[in-house]
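# Residue-level structural notes
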Amino acid sequence: MCCEDKKTNIKDQQLQLKQEQKNIKIVILGDSGVGKTSLIKKFCFDTEQTTLGVAYQNAQIIIKGQVLKLHIWDTAGGERYRSLAQLCYRDANVAILVYSITSRKSFEQIYYWEQELLERCSNLCIGMAGNKSDLIEERQVFKDEAQKYSKQRDFVFYETSAKTGEGIQMLFTEIIEKYLRQKQQ
Ligand SMILES: Nc1nc2c(ncn2[C@@H]2O[C@H](COP(=O)(O)OP(=O)(O)OP(=O)(O)O)[C@@H](O)[C@H]2O)c(=O)[nH]1
Ligand SMILES: [Mg+2]
């Protein structure tokens, strides 16, 4: 192969890598009522299309000058939708597990949601959101405990509020940055 060919090849590979990085599939899981849909609505600006018990939204985010298209799949936490939700875990790049800080049970269920996910896909970047952080007086899960849990499991963790917007941008940005770093390795 001549030098020029090699150069073209490297350029092609770089271009391909860039194109691959442009689309990121994110799935959002967690118990019913923890605020998954509300979180996504706060984060996205596009219109919603509901499909078979799961909802899809897309959004754009710019990280370090790179425009990324996010395909966000909002699963329903209710029992009767579980088999449908499982269909959208496949090929996910990033997953965000959501609990509500006002529900101890929803936090305890995080382990279940993680197992659900890992049974169906690997090589995922996982984040955890302790949502409804604005409801301080109803808190049932301490931040320290959730932080410790996420550290053990290598999750990106933020407490979020779909009402005030607290933590949402940080959570998405950090988890996507982590995904991009892992993809480069
Ligand atoms: N105060 C407060 N309320 C919230 C927050 N997030 C969601 N809610 C409320 O909690 C309720 C449930 O929110 P959803 O976003 O529908 O919950 P979900 O996780 O999508 O529920 P499923 O679709 O049934 O799985 C709604 O009444 C929301 O307005 C939050 O951060 N703070
Ligand atoms: Mg919902």
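Notes on the structure follow.

Calculation rules
- Residues numbered from 1 in each chain as written.
- Chains lettered and ligands numbered in written order.
- Predicted model: local features only at pLDDT ≥ 70, side-chain atom pairs only at ≥ 80, totals over all residues.
- Helix = DSSP H or I, 4+ residues; strand = E, 2+ residues; numbered from the N terminus.
- Buried ≥ 20, exposed ≤ 12 C-beta atoms within 10 Å, placed from the backbone.
- Contact = placed C-beta atoms within 7 Å.
- Near = placed C-beta within 6 Å.
- Nonpolar A, V, L, I, M, F, W, Y, C, P; charged D, E, K, R; others polar.
- Pairing = 2+ DSSP bridges.
- Core = buried A, V, L, I, M, F, W, Y, C linked by C-beta atoms within 7 Å.
- Arc of directions from axis to C-beta.

## Considerations on the environment of Arg-120
Note that Arg-120 resides in helix H5 (residues 110–120). Of the residues examined, Arg-120 has 15 C-beta atoms within 10 Å and is grouped as partly exposed. Filtering out sequence-adjacent residues up to four positions away, Arg-120 remains in contact with Gln-86, Tyr-89 and Arg-90.

## Considerations on the site of ligand 1
Around ligand 1 sit 18 residues in total, of which Gly-35, Lys-36, Thr-37, Ser-38 and Gly-77 are the nearest. With three residues, helix H2 (residues 36–43) is the single largest residue contributor to the shell around ligand 1. By residue class, the composition of the shell around ligand 1 is four nonpolar, ten polar and four charged.

## Re the environment of Asp-74
Within the secondary structure, Asp-74 is located in strand E4 (residues 66–75). The class for Asp-74 is buried, based on 24 C-beta atoms found within 10 Å. Remark: the alpha-carbon pair of Asp-74 and Ile-40, spanning 34 residues in sequence, is separated by 7.7 Å. Asp-74 has contacts with Ile-28, Lys-36, Thr-37, Ile-40, Val-54, Ala-55 and Gln-57, leaving out every residue within four places of it along the chain.

## A few points about the pairing of strand E1 (residues 23–30)
Counting buried residues along E1, six of its eight residues qualify, which places the element largely inside the surrounding structure. Bridge count between E1 and E4: six bridges; the pairing is parallel. Note that in E4 the partner of Ile-24 across the bridge is Leu-70. With five bridges connecting them, E1 and strand E5 (residues 94–100) associate as parallel partners. Following the sheet pairing, Leu-29 is matched in E5 by Leu-97.

## Overview of the environment of Phe-43
Position of Phe-43 relative to the elements: it lies in helix H2. Overall, Phe-43 belongs to the buried group, with 21 C-beta atoms counted inside 10 Å. It is 7.0 Å that separates the C-alpha atoms of Phe-43 and Gln-169, two residues lying 126 residues apart in sequence. Excluding residues within four positions of it along the chain, Phe-43 makes contact with Ala-59, Ile-168 and Phe-172.

## Things to note about helix H6 (residues 143–152)
Of all the ten residues making up H6, one are buried; the element is thus mostly uncovered. Directly after H6, the chain includes Asp-154, whose backbone phi takes a positive value near 60 degrees.

## Quick word on the nonpolar core
Judged by nonpolar contacts, the single largest core of 44 residues is most densely connected at Ile-26 and Val-94. Not counting residues within four places of it along the chain, the set of residues in contact with Ile-26 comprises Leu-70, His-71, Ile-72, Trp-73, Ala-92, Asn-93, Val-94 and Ile-96.

## Quick notes on the pairing of E5
Counting buried residues in E5 gives seven out of seven residues, a clear majority hidden from the surface. In the sheet, E5 pairs with strand E6 (residues 125–131) via seven bridges, with the strands oriented parallel. Bridging across to E6, Ser-100 finds its partner in Asn-131.

## Quick word on H2
Restricting attention to buried positions, one finds in H2 the residues Lys-36, Leu-39, Ile-40 and Phe-43. Along the axis of H2, the buried residues cluster in a sector spanning 95 degrees; they form a single face.

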